[in-house]
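# Chain and residue survey
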Amino acid sequence: DKPAILYVGKDTDHSWLEEKTEGGEVRVRDVGATLNKAINSDSNVKSRPTINIQHATFQPGAKWKVHVPHKQSALLYVRRGIAAFPNTLSTITALQTATFAADGDFIDVWNVSKQNDLDVLLLTGDPLKESIAMGGPIVMNTSKEIQDAYQQLSEGKFLDRDTVLQQHALNRPK
């Protein structure tokens, strides 16, 4: 099977790569390159493995077969429509996610709708291999970070860049 889409690389000048397939058109763009460049250029931000983020829209009936390298984590988030996975006979709908085993293979995604487009985000990358602490809807690395996040939330400073950088500096090992 010919893949429905070719990967849009980080250094591409094309915001969208389009390819006609037997099922319809799939449009994909790499939105992770900008994010990774911003993270890697800021010396105050902890270095993380590169995250590949691809935004894809599918015409009705279109299929996308995308390679995910061995040992990389993969998560697909459906923004609009219904995504089917022919190999598992599973479907997910808007505002739902699917995670995939890090066994290195292809992910097959199909827009089963005959009328509506499918809009998804695919995130892939090496596992972080860090501790995880959960507190309701907030996920951090430690319980202390969860407490700090709720404090910032109550003060209206949650996800404020200056607050995050200040907190990072205070918690950085010397």
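Predicted model only: the values in this text are computed from it and were never measured. (Residues numbered from 1 in each chain as written. Predicted model: local features only at pLDDT ≥ 70, side-chain atom pairs only at ≥ 80, totals over all residues. Heavy atoms only, no water.)

## Points about a nonpolar patch on the surface
On the surface, a nonpolar cluster with roughly 220 Å² of combined accessible area is contributed by Ile82, Trp110 and Val112. Along the polypeptide, Ile82 turns up in strand S6 (residues 82–85). Judged by its relative accessible area of 37%, Ile82 falls in the partly exposed class. (Patch = residues over 30% accessible without salt bridge, like charges linked within 9 Å, V, L, I, M, F, W, Y side chains within 5 Å. Areas by Shrake-Rupley, 256 points an atom, 1.4 Å probe, with all protein chains shown as cover. Salt bridge = Lys/Arg side-chain N within 4 Å of Asp/Glu carboxyl O. Helix = DSSP H or I, 4+ residues; strand = E, 2+ residues; numbered from the N terminus. Buried < 20%, exposed > 50% of the residue type's maximum accessible area, 1.4 Å probe, protein only.)

## Quick notes on the side chain of Asp119
Looking at where Asp119 falls in the secondary structure, it is placed in strand S10 (residues 118–125). A relative accessible area of 4% places Asp119 in the buried class. Not counting residues within four places of it along the chain, the set of residues in contact with Asp119 comprises His55, Ala56, Thr57, Tyr77, Val78, Arg79 and Arg80. (Contact = heavy atoms within 4.5 Å.)

## Considerations on the packing of aromatic side chains
According to the stated counting rule, one finds two aromatic pairs in the structure shown. Judged by centre distance (5.9 Å) and plane angle (70°), the ring pair of Phe58 and Trp64 falls under edge-to-face. Across this residue pair, the class does not change: Phe58 and Trp64 are buried. Directly above the ring of Trp110 sits Lys63, whose terminal nitrogen or CZ lies 5.2 Å from the centroid. A cation over an aromatic ring shows up here: Lys65 above the ring of Phe106, its NZ or CZ 5.0 Å from the ring centre. (Phe/Tyr/Trp six-rings, centres within 6.5 Å; stacked < 30°, edge-to-face > 60°. Lys NZ or Arg CZ within 6 Å of the ring centre and 35° of its normal.)

## A look at the nonpolar core
Generally speaking, nonpolar side chains in soluble globular proteins are found buried as a group. Core analysis: the biggest nonpolar cluster contains 20 residues, and Phe58, Trp64, Leu76, Ala83, Val109 and Val120 have the highest contact counts within it. The residues touching Val109, leaving out its near neighbours within four places in the chain, are Phe58, Ala62, Lys63, Trp64, Leu76, Ala83, Ala84, Phe85 and Leu118. (Core = buried A, V, L, I, M, F, W, Y, C linked by side-chain atoms within 4.5 Å.)

## Overview of helix H2 (residues 143–155)
Spanning 13 residues, H2 covers 19 Å between terminal C-alpha atoms, matching the ideal 18 Å at 1.5 Å per step. Turning to H2, its buried residues are Ile146, Asp148, Ala149 and Gln152. Down the axis of H2, the buried set is contained in an arc of 165°. They therefore lie on one face. In H2, the exposed positions angled more than 90 degrees off the buried face are occupied by Ser143, Gln147 and Ser154. The positive-phi residue at the C-terminal boundary of H2 is Gly156, with phi of around 75°. (Expected span 1.5 Å × (residues − 1). Arc of directions from axis to C-beta.)

## Digging into the environment of Leu123
Tracing the backbone shows Leu123 in strand S10. Put simply, Leu123 and His55 are 68 residues apart on the chain and 8.9 Å apart in space, counted from C-alpha to C-alpha. Each residue touching Leu123, except ones within four places of it in the same chain, is listed here: Asn52, Ile53, Ser73, Ala74 and Leu75.

## Section: the pairing of S10
Among the eight residues that make up S10, six are buried, leaving the element largely enclosed by the rest of the structure. Relative to S10, strand S3 (residues 51–58) runs antiparallel, the two being bridged by eight bridges. Each bridged residue has a counterpart across the sheet, and for His55 the counterpart in S10 is Leu121. Of the pairings in the sheet, the one linking strand S5 (residues 73–80) to S10 comprises seven bridges and is antiparallel in character. Bridge assignment links Ala74 to a residue of S10, and that residue is Thr124. (Pairing = 2+ DSSP bridges.)

## Thoughts on the sheet that holds strand S9 (residues 105–111)
Reading across the sheet, the four strands line up as S4-S9-S6-S7 and stay open at both edges, with antiparallel pairing between neighbours. Looking at strand neighbours, the two that pair on one side only are strand S4 (63–68) and strand S7 (90–93), the edges of this open sheet. Taking the axes of each pair of neighbouring strands and ignoring which way they run, one obtains an average angle of 30° across the sheet. Here S4 pairs with S9 via six bridges, running antiparallel. From the neighbouring strand, Val68 faces S9, where its bridge partner is Asp105. (Axes fitted to C-alpha atoms, helices over the stretch in contact; angles between N-to-C directions.)

Function cannot be inferred from these measures alone, as they are strictly geometric.
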